[in-house]
Amino acid sequence: MDLSIVVPTFNEAPNIEELVRRVASAVDRAGIEAEIVFVDDSTDATPDVIREVGERLTAERAEDAASAPLPVRLIHREQPTGGLGGAVMAGFAAAESDACLVMDGDLQHPPEEIPQLWRRFARGDVDVVIASRYAGGGTSEGLADRTRVLVSKGATALTRAMFPIRLKDVSDPMTGFFLVDRRTVDDAQLKPRGFKILLEILARRPMRVAEVPFDFADRHAGESKASVRQGVHFLTQLTALRFGKMSLFAVIGGLGALANIAIVWALTHVGVGYIVAAVIAAEVTIIGNFLLQERFVFHDMRDSASGVWQRFAKSFAFNNAEAVIRIPIVALMVSSGHISAVVATAITLVIAFFVRFVFHSLVVYAPRKAGAESPARAFIDELDAQATAPGEL
C-alpha cells in the first residue's frame, strides 16, 4: 500500500459518493496503490452511505481487470474523543501505509491534488507535505465570504507569530489537507483537542516540511461546520500549545477575575456593601470558572479523576474556603490601607490563582485508580512537559 487517505467525517452523507469517485480517479491516473479510511463521528446516515459506496466500488473494480483495488474502510466512533484531531489520530493508527494523507470530506480539498502531494512526498526528503492556500498559486476562493477570508488569514498570521521557528517555512498551518509520514508523529506528545491537527503536529516537534499550492474549492454539498464555537476551540488549542495548561488556567482565571471585578463594581455602585458584593461575585465566578476549566483545561484528566459532582464539590468547597480567607483580607486592605474594593479584589485574586492551580492539579483532578502515580508526581511531570514542549520562543 503506497498511501492511506484518512478522511474524518461528520454528517457528510451527500458528499461521500462524489468524494470516493474522484479519489479513485485521481489515484488510478497517478498509479498510486491507495486505501480510503473514513473515521466517522456522524449522527446522520453517513456511515451507511460509506459502507454502500465502498461495497459498490469494490464490486466494480473486481469486475474491471485494469483497475487496482481501492479499499474503502470505515471506523465509526460512537464517542468522538478529541474531535476532528482525535479522528485523524484514529485513522493514522488504523492505516495500512505509513504515508497518510488527510483531507476533508466536503470536497473543498480537491482529490485531483492527491498525486501532486504524493509526488512531492515520494522524493523522500520531507516528513510532511502541506497543501497550502497561500503558497505559490494557491487560493482560498472556497471560503464563504470576505469575513471568513479575513478571519482565516488573521488566524494564520496569529499562529505563525506564536510559533515563529516551527512555522517559519509554513504558509498555511491551518490547512486540513496534508500528507505526513505517521512514523514522525509523536503520539505520546500529541493531545488532539480540536480541528487543527496539523498545527498540533507541527508545534510539538521539528518537522521537515514542503508545501504545494492548491485551490480551496467550494463545498460540494451540505453545510459548513465553521462556527464561533470552533473559533473558541481554536484559540483554546493555540493557547494550550503555546503556553501549556497553567497559562490556559490563567486565561480562564483572568476572565473570572474581570467578571468578579465587574460584579463588585456594579453591585457597589447600586448601593450594595463591598463585602456582600465580593461574596456574590465570588460565588458566580467560582461556578463559571469550574465549568470553563472542566471544558478547556482539565478535559484530558477527567476520565481518570473522580466523578463530575465530586470534582465540583472539591473545587467549590476549596474556592469558598479560599474566599472566606481572601474576603476578610480584602476588607482589611480597604479599611486600613486606603485601597479601593476593586483594587484589593484584583490583588488578592492574582495571589489566589497560584494556590488554586496547585489544588486543582493535585486534588480535584487527582487519579482515582489505585496504584496510579501520586498527584504530586503527576503535577511535577505536567510542569516538566509544559516547560519543554514546544521547545522554542
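Preceding block: the structure.
Reading guide: rules and limits
Residues numbered from 1 in each chain as written. Predicted model: local features only at pLDDT ≥ 70, side-chain atom pairs only at ≥ 80, totals over all residues. Heavy atoms only, no water. Salt bridge = Lys/Arg side-chain N within 4 Å of Asp/Glu carboxyl O. Helix = DSSP H or I, 4+ residues; strand = E, 2+ residues; numbered from the N terminus. Buried < 20%, exposed > 50% of the residue type's maximum accessible area, 1.4 Å probe, protein only. Contact = heavy atoms within 4.5 Å. Patch = residues over 30% accessible without salt bridge, like charges linked within 9 Å, V, L, I, M, F, W, Y side chains within 5 Å. Areas by Shrake-Rupley, 256 points an atom, 1.4 Å probe, with all protein chains shown as cover. Phe/Tyr/Trp six-rings, centres within 6.5 Å; stacked < 30°, edge-to-face > 60°. Lys NZ or Arg CZ within 6 Å of the ring centre and 35° of its normal. Pairing = 2+ DSSP bridges.

Q: Is there a simple way to explain the pattern of salt bridges in this structure?
A: Oppositely charged side chains may form a pair once their charged atoms are brought near each other. All told, the structure shown has 17 salt bridges when counted by the stated rule. We note a salt bridge from Asp 98 to Arg 183, for which the minimum N-O separation is 3.5 Å. Of this pair, Asp 98 sits in the loop between helix H3 (83-94) and strand E4 (99-102) while Arg 183 sits in the loop between strand E6 (178-181) and helix H6 (197-204), placing them 85 residues apart in sequence. Asp 98 sits in the partly exposed class, given a relative accessible area of 28%. For Arg 183, a relative accessible area of 60% corresponds to the exposed category. A salt bridge links Asp 125 to Arg 120; the shortest N-O distance between them is 2.8 Å. You can call Asp 125 partly exposed: its relative accessible area is 36%. Assessed through its relative accessible area of 14%, Arg 120 is described here as buried.

Q: Before we go on, may I ask you to explain unusual backbone geometry in this structure?
A: Residues other than glycine predominantly adopt negative phi, and peptide bonds predominantly adopt the trans conformation. Phi at Asn 11 is positive, roughly 55°, even though this residue is not glycine. Mapped onto the fold, Asn 11 is located in the loop between strand E1 (3-9) and helix H1 (13-30). Phi at Leu 107 takes a positive value of approximately 70°, unusual for a residue other than glycine. Structurally, the position occupied by Leu 107 is in the loop between E4 and helix H4 (114-122).

Q: Before we go on, may I ask you to explain H4 in this structure?
A: The α-helix winds at 3.6 residues per turn, so residues separated by three or four positions along the chain end up facing the same way. By the burial criterion, the buried members of H4 are Ile 114, Pro 115, Leu 117, Trp 118, Arg 120 and Phe 121. At its buried positions, H4 is contacted by E1, H1, E4, strand E5 (128-132), E6 and strand E7 (209-213). Looking at the residues trailing H4, positive phi occurs at Gly 124, about 85°.

Q: I tried to follow a nonpolar patch on the surface on my own but got confused; where do I start?
A: Among the surface-exposed residues, Val 251, Leu 255 and Leu 258 lie close enough to one another that they form a single nonpolar patch of about 280 Å² accessible area. Relative to the elements of secondary structure, Leu 255 occurs in helix H8 (residues 245-269).

Q: Would you explain the packing of aromatic side chains in this entry?
A: In this description, a pair of aromatic rings is defined by centroid distance and the angle of the planes. Overall, the coordinates contain nine aromatic pairs when judged by the stated rule. Each ring, one from Phe 214 and one from Phe 216, has its centre 6.3 Å from the other, and the planes form 80°; the classification is edge-to-face. Across the pair, Phe 216 and Phe 214 agree in class, each one buried. Plain terms: the ring middles of Trp 309 and Phe 312 are 6.2 Å apart, the flat faces sit at 90° to each other, and that makes the pair edge-to-face. Placement of the pair is Trp 309 and Phe 312 together in helix H10 (residues 308-337), with a separation of three residues, close to one helical turn. Under the relative-accessibility criterion, Phe 312 is labelled partly exposed at 21%. Site record: aromatic cluster; members linked through ring pairs are Phe 290, Trp 309, Phe 312 and Phe 316. For Arg 133, the ring lying beneath its charged end belongs to Phe 216, and the centroid distance is 5.4 Å. Over the face of the ring belonging to Phe 296 we find Arg 295, whose NZ or CZ atom lies 5.6 Å from the ring centre.

Q: What am I meant to see in the pairing of E7 here?
A: Side-chain positions along a regular strand alternate between the two faces of the sheet. Burial of E7 is one-sided: the residues Ala 210 and Val 212 facing one way are buried, the residues Val 209, Glu 211 and Pro 213 facing the other way are not. Strand direction decides the pairing type here: E5 and E7, joined by five bridges, are parallel. From the neighbouring strand, Val 129 faces E7, where its bridge partner is Ala 210.

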